[in-house]
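# Topology and contacts: notes
In case you want the letters, here they are:
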Amino acid sequence: MRPIVRALAALCLLTGLPAQAQDDFNPCDISGGDTPCYIQQGEYRALKPAGPGPFPVLVYLHGSTGQADDIYNSGYMRQSVVDRGYVLLVPRALAVVNYVSGRDTGWSLSAREDHPRDDIGFLRAVLDHAEREFRVDRRRVLLVGQSDGGFLIWEIACKDPGLASAYAVHAGSWGGPWPTGCRAPVKFMQAHGRLDTVVPFEAERSRPNGRIDSANPVEGLELLARTNGCEPFDAAPVVGWQGFQRRQWRDCRDGALDYLVHNGGHSFPSRFVPAALDWFEGFDFEPPKPGQRVVRRVGEPSESRAGRFKSVGGSGRFKSVPQ
């Protein structure tokens, strides 16, 4: 990127100039070029398919050793997402002190007390900007996260479920004890590798002082199942699906809940993103036509089922997990 552009962007972030002022000198290259998108809260990378839109959108949150530029330049992500007709948005996490290599990137989790940015607010600002710039369809937003990015998605899905239309996490969990309840039903997919030792498969990872760094992912799925009004976990059949072992919660009053398991480790297999999009495209996000009677599909959310989010535990400093 040209030095003068970076300098001007830094000046805007320091002086608090509004996002539109930044847009005037930063056209936000979406053609595979070198220019990130700047908004007041930070940066993100974007790619869009050909055509006028509106487009569905996949927002990808990378892990703590990942970089937004690497995801943006990945031929796999372009083929899996953009070639499929989606806008790809890759927000850039800020640097945090991390046990992996001293200073990596990380998202503002509730147990990470000294993080300098509200990343839920940042993601909302990214979507607002992309809606204006790239004609993304806010009714069709899939938020996908790996590892540390998945940790943030768990918090969003529980605390602020209306941010996206659906959520898909690989190798993510919750930093510290699970909350006692979530705000409203969601469409949520969790994927995990049996050999994952970074965010352990169906197990808690505790540090010597006894504090939990990553909670049991299955406990989180059971929490969401209660929020969605689903039948118990044991009632869901296990079947093979796109190379994963898949478990679906049945008879949910609202939302949808899937659990995918593979035999690998912490990194996701190449089939994960296509599988998440196949799952996402199984839902009907189109609004009813004028005069059409609204008939809710099985698994679709109801506005009347909003609950109250209650947080417990989560004290102390959270050390993020690597990608």
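A brief structural summary. Model, not experiment: these values are computed from the prediction. (Residues numbered from 1 in each chain as written. Predicted model: local features only at pLDDT ≥ 70, side-chain atom pairs only at ≥ 80, totals over all residues. Heavy atoms only, no water.)

With respect to topology, 10 strands assemble into an open sheet ordered β1-β2-β4-β3-β7-β8-β9-β14-β13-β12, the strand pairing being mixed. Of all the strands in the sheet, just β1 (37-39) and β12 (238-241) have a single pairing partner and so form its edges. Sheet twist, expressed as the average angle between the axes of neighbouring strands with direction ignored, equals 25°. Across six bridges, strand β3 (residues 55-61) lies against strand β7 (residues 136-146) in parallel orientation. Of the residues in β7, the one forming a bridge with Val 59 is Leu 143. (Pairing = 2+ DSSP bridges. Helix = DSSP H or I, 4+ residues; strand = E, 2+ residues; numbered from the N terminus. Axes fitted to C-alpha atoms, helices over the stretch in contact; angles between N-to-C directions.)

Now for the nonpolar core. With 55 residues, the main nonpolar core has Tyr 44, Leu 89, Phe 134, Leu 143, Tyr 167 and Phe 188 as its most contacted residues. One finds Leu 47, Trp 241, Val 273 and Ala 276 within the second-largest nonpolar core, a separate group that totals 31 residues. (Core = buried A, V, L, I, M, F, W, Y, C linked by side-chain atoms within 4.5 Å. Buried < 20%, exposed > 50% of the residue type's maximum accessible area, 1.4 Å probe, protein only.)

As a further point, take helix α6 (residues 148-159). Since the α-helix turns once every 3.6 residues, residues separated by three or four places project in the same direction. Counted at 1.5 Å a residue, the expected span for α6 with its 12 residues is 16 Å, and the 17 Å between its end C-alpha atoms agrees. Most of α6 is tucked away: 11 of the 12 residues are buried. Three or more residues of α6 are buried, namely Asp 148, Gly 149, Gly 150, Phe 151, Leu 152, Ile 153, Trp 154, Glu 155, Ile 156, Ala 157 and Cys 158. (Expected span 1.5 Å × (residues − 1).)

Right, let's get into the state of the cysteines. By the definition in use, this model includes two disulfides. The disulfide partner of Cys 158 is Cys 182, and the gap between their sulfur atoms is 2.0 Å. Disulfide Cys 158-Cys 182: the torsion about the S-S bond is -100°, which places it as left-handed. Pair noted here: Cys 158 is in helix α6 and Cys 182 is in the loop between β8 (166-170) and β9 (187-193), with a separation of 24 residues, a long-range link. (Disulfide = S-S within 2.5 Å.)

As a further point, take unusual backbone geometry. With an omega of 5°, the peptide bond between Gly 53 and Pro 54 qualifies as cis. Note on placement: Pro 54 falls in the loop between β2 (42-47) and β3. We note that Asp 251 has phi near 55°; this positive angle belongs to a residue other than glycine. By the element assignment, Asp 251 lies in the loop between β13 (244-248) and β14 (256-262). Of the residues examined, Asp 251 reaches a relative accessible area of 58% and is grouped as exposed.

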